[in-house]
Amino acid sequence: NGAVSIKNVSKIYPNGTIGLNQVDLDIKAGEFVVIVGLSGAGKSTLLRAINRLHDVTSGTIVIDGQDITQAKGRQLRNIRRNIAMIFQNFNLVKRATVGRNVLNGRVGYYATWQSILGLFSAADKQQAIVALEHVNMLEKYYIRADELSGGQQQRVAIARAMVQSPHVVLADEPIAALDPKNTQMVMDDLKRLNEELGLTVIVNLHSVPLALQYASRIVGLRAGQLVYDKPIDEVNQND
Ligand code: ADP
Ligand code: ADP
């Protein structure tokens, strides 16, 4: 579980802009893939297609054996449940506590009226505690999200992703708004999700040095096309 198979995917926006042009990418469970490319290369377009935040124009994206581009209703919800997303701007509920923000990761998990109203079980709370320990933020459980630094907020977002118990974690420029120290902490947290929990991690980054430091595989996009794809041990300094 956690394999993502992208076949011949193109995305043309309604205004005619080509976001992706016939992208093929087969990601195995447990890989740490970093997608690099200049601004406008199609990195966000690709990540947003993988969990179907938007539809593609053609092609298929198979996750855990199911094509998310064709899924509907309950089947789509079940596939999405296994995909967690981390955003550049953290996307926390600013006025809610850290603990509540992490528990929000459980809402999609069963989507009952109890969870929507914020009534979480003791088991859920225990999961939130474990996840906050993972990112070293447990001491902030009762602090409001908007009182945290950007780096701390992103680590809470990672804890929220964790309690969703996903197979795949997508992160769209997760460190774009962070200083170098927080950048390392956030990338280390993502790496541990990959290594300790075995999750497939796919991260969009501008920075090639960071990609070299963390990735097990580096993929390059340019003008919507996949122009580079190598496992880390085959990456050449002159590439
Ligand atoms: P990023 O640097 O992460 O690629 P952008 O600044 O390009 O972000 O895009 C920010 C938002 O604007 C996104 O929601 C994106 O979908 C939208 N957007 C980007 N380019 C265009 C465009 N040419 N026309 C309409 N919307 C766009
Ligand atoms: P990246 O994430 O690599 O910066 P994007 O995926 O955001 O690249 O953008 C790829 C291309 O699609 C760019 O030309 C961008 O302007 C365009 N684009 C992104 N979002 C939209 C949108 N909502 N409408 C139209 N064009 C868009």
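For clarity, every value in this text was computed on a predicted model and none was experimentally measured.

Quick notes on the rules
- Residues numbered from 1 in each chain as written.
- Chains lettered and ligands numbered in written order.
- Predicted model: local features only at pLDDT ≥ 70, side-chain atom pairs only at ≥ 80, totals over all residues.
- Heavy atoms only, no water.
- pLDDT = per-residue confidence, 0-100.
- Helix = DSSP H or I, 4+ residues; strand = E, 2+ residues; numbered from the N terminus.
- Pairing = 2+ DSSP bridges.
- Near = heavy atom within 4 Å.
- Areas by Shrake-Rupley, 256 points an atom, 1.4 Å probe, with all protein chains shown as cover.
- Salt bridge = Lys/Arg side-chain N within 4 Å of Asp/Glu carboxyl O.
- Buried < 20%, exposed > 50% of the residue type's maximum accessible area, 1.4 Å probe, protein only.

## Digging into the confidence of the model for the protein chain
Next up, step 1: When pLDDT is averaged along the protein chain, the result is 94; 95% of the residues meet or exceed 70.
Next up, step 2: Here the predicted complex carries an ipTM of 0.78, next to a pTM of 0.89.

## Looking at the environment of Asp233
Next up, step 1: Structurally, Asp233 is set in the segment after strand S10 (225-231).
Next up, step 2: Separated by 229 residues in the primary sequence, Asp233 and Val4 have C-alpha atoms spaced 21 Å apart.

## Some details on the sheet that holds strand S4 (residues 58-63)
Next up, step 1: Reading across the sheet, the four strands line up as S2-S1-S4-S5 and stay open at both edges, with antiparallel pairing between neighbours. The open sheet is flanked by strand S2 (18-27) and strand S5 (66-67), the only strands paired with a single partner.

## Observations concerning the site of ligand 1
Next up, step 1: Around ligand 1, a shell composed of Asn15, Ser39 and Ser44 is seen.
Next up, step 2: Notes on ligand 1: free accessible area 550 Å², of which the protein chains cover 26%.

## Quick word on the pattern of salt bridges
Next up, step 1: This model, assessed by the stated rule, comprises ten salt bridges.
Next up, step 2: Of the charged contacts, one joins Arg155 and Asp189 as a salt bridge, the two residues approaching to 3.9 Å between their closest N and O atoms. With Arg155 in helix H6 (residues 150-163) and Asp189 in helix H7 (residues 180-197), this residue pair connects regions lying 34 residues apart in the sequence.
Next up, step 3: Residue Arg155 is classed as buried on the basis of its relative accessible area of 7%.
Next up, step 4: Connected via shared salt-bridge partners are Glu31, Arg217 and Asp229.

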